[in-house]
Amino acid sequence: MSQSPEPIERHTLSVLVDNEPGVLARVIGLFSGRGYNIDSLTVSEVSHEGRLSRITIVTTGTPMVIEQIKNQLDRLVPVHKVRDLTVEGTALERELAMVKVRGLGEARGEALRLAEAFRARVIDATRESFVFEITGKSDKIDQFAWLMEPLGLVEVARTGVVAISRGPEAM
């Protein structure tokens, strides 16, 4: 009897690391060296005094591959903590995007109406285009960009996912 393949899952990992040169390259090297994919990556200093940064990684894989990634990240020297926010189930995730749309007449009005429905802000406007700022879950941003395509979508710039667990505990 053949086994059914393990499902591919999307996981958001939060990794606390030393803020020093080469750390990000080592983390990325772990992924690329083993053929793992990174769907989203954000990095920012979270403690200037402690010289710590948080890396938020969105990746996909079978449960076994996700477990391997977490274990290998945990073994890297500059890594202090690895949390799988997907497994913990209490995380808040957001992404920011800037969406440029070119349009005149009716398409321009429709773009503004959609932006209002999605709570996107106009951060730049010319006679022929808008740049909208939108925040939310990745699927909300995907949907907004998809709806803007027939109205004159020019380009999209995205930050990548940032995530934090709910509740009073720190990472």
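Residues numbered from 1 in each chain as written. Predicted model: local features only at pLDDT ≥ 70, side-chain atom pairs only at ≥ 80, totals over all residues. Heavy atoms only, no water.

### Points about the environment of Arg-26
Turning to step 1, where the next piece is worked out: With respect to the element layout, Arg-26 can be found in helix H1 (residues 23-33).
Turning to step 2, where the next piece is worked out: Accessibility expressed as a relative area gives 39% for Arg-26, which makes it partly exposed.
Turning to step 3, where the next piece is worked out: Taking the C-alpha atoms as reference points, Arg-26 and Asn-71, 45 residues apart in sequence, are found 15 Å from one another.
Turning to step 4, where the next piece is worked out: With residues up to four places along the chain from it excluded, the contact list for Arg-26 reads Leu-76, Val-77 and Pro-78. (Helix = DSSP H or I, 4+ residues; strand = E, 2+ residues; numbered from the N terminus. Buried < 20%, exposed > 50% of the residue type's maximum accessible area, 1.4 Å probe, protein only. Contact = heavy atoms within 4.5 Å.)

### Here we look at the packing of aromatic side chains
Turning to step 1, where the next piece is worked out: For the structure shown, the criterion picks out four aromatic pairs.
Turning to step 2, where the next piece is worked out: Ring geometry for Phe-31 against Tyr-36: centres 6.2 Å apart, planes inclined by 80 degrees, an arrangement best described as edge-to-face.
Turning to step 3, where the next piece is worked out: When its relative accessible area of 1% is taken as the criterion, Phe-31 is described as buried.
Turning to step 4, where the next piece is worked out: Note on Tyr-36: relative accessible area 15%, which makes it buried.
Turning to step 5, where the next piece is worked out: Counting every residue linked through ring pairs, the aromatic cluster contains Phe-118, Phe-130, Phe-132 and Phe-144. (Phe/Tyr/Trp six-rings, centres within 6.5 Å; stacked < 30°, edge-to-face > 60°.)

### Quick notes on the domain arrangement of the chain
Turning to step 1, where the next piece is worked out: On domain assignment, one finds that the chain holds domain 1 (9-84) and domain 2 (92-164).
Turning to step 2, where the next piece is worked out: Placing the centre of domain 1 and that of domain 2 at their C-alpha centroids yields a distance of 29 Å.
Turning to step 3, where the next piece is worked out: Summed over both partners, the interface of domain 1 with domain 2 comes to about 540 Å²; 45% of that surface belongs to carbon and sulfur atoms.
Turning to step 4, where the next piece is worked out: For the pair domain 1 and domain 2, the number of links is one salt bridge.
Turning to step 5, where the next piece is worked out: Counting the contacts that link domain 1 with domain 2 gives four residue pairs in polar contact (both at pLDDT 80 or more).
Turning to step 6, where the next piece is worked out: Taken together, the elements giving at least two residues each to the side of domain 1 that touches domain 2 come down to strand S1 (9-18), strand S2 (38-47) and strand S3 (52-61).
Turning to step 7, where the next piece is worked out: For the side of domain 1 that touches domain 2, the class distribution of residues is two nonpolar, four polar and two charged. (Domains from an automatic or database assignment. Buried area = accessible area lost by both parts, 1.4 Å probe. Salt bridge = Lys/Arg side-chain N within 4 Å of Asp/Glu carboxyl O. Polar contact = N/O pair within 3.5 Å; in protein donor to acceptor, adjacent residues only side chain to side chain. Nonpolar A, V, L, I, M, F, W, Y, C, P; charged D, E, K, R; others polar.)

### Quick notes on the sheet that holds strand S4 (residues 79-84)
Turning to step 1, where the next piece is worked out: Read from one edge of the open sheet, four strands run S2-S3-S1-S4, paired in antiparallel fashion. The sheet terminates laterally at S2 and S4, the two strands that pair on one side only. Each adjacent strand pair in this sheet contributes to an overall mean axis angle of 20 degrees, direction not counted.
Turning to step 2, where the next piece is worked out: As defined by bridge partners, S1 adjoins S4 across five bridges and the pair is classed as antiparallel. Bridge assignment links Ser-14 to a residue of S4, and that residue is Arg-83. (Pairing = 2+ DSSP bridges. Axes fitted to C-alpha atoms, helices over the stretch in contact; angles between N-to-C directions.)

### Describing the pairing of strand S7 (residues 129-136)
Turning to step 1, where the next piece is worked out: Burial analysis of S7 places six of its eight residues in the buried class, which makes it a mostly covered element.
Turning to step 2, where the next piece is worked out: Direction of pairing for strand S5 (residues 91-102) relative to S7: antiparallel, over a ladder of eight bridges. Each residue of the ladder has a partner; that of Ala-97, found in S7, is Ile-134.
Turning to step 3, where the next piece is worked out: Judged from the four bridges that link them, strand S6 (residues 121-125) and S7 form a sheet pairing that is antiparallel.

### Regarding the packing of helix H4 (residues 105-117) against helix H5 (residues 138-152)
Turning to step 1, where the next piece is worked out: At a minimum axis distance of 10 Å, the contact between H4 and H5 shows a crossing angle of 170 degrees. Overall, the two elements H4 and H5 adopt an arrangement that is roughly antiparallel. Here Ala-107, Glu-110, Ala-111, Leu-114 and Ala-115 of H4 come into contact with H5, specifically with Phe-144, Leu-147, Met-148 and Leu-151.
Turning to step 2, where the next piece is worked out: Looking at the contact of H4 with H5 residue by residue, the classes come out as eight nonpolar, no polar and one charged. (Parallel < 35°, antiparallel > 145°, perpendicular 65-115°, else oblique.)

### Remarks on the environment of Asn-71
Turning to step 1, where the next piece is worked out: Within the fold, Asn-71 resides in helix H2 (residues 63-75).
Turning to step 2, where the next piece is worked out: Here the alpha-carbon distance between Asn-71 and Val-82, two residues 11 residues apart in the chain, equals 8.6 Å.

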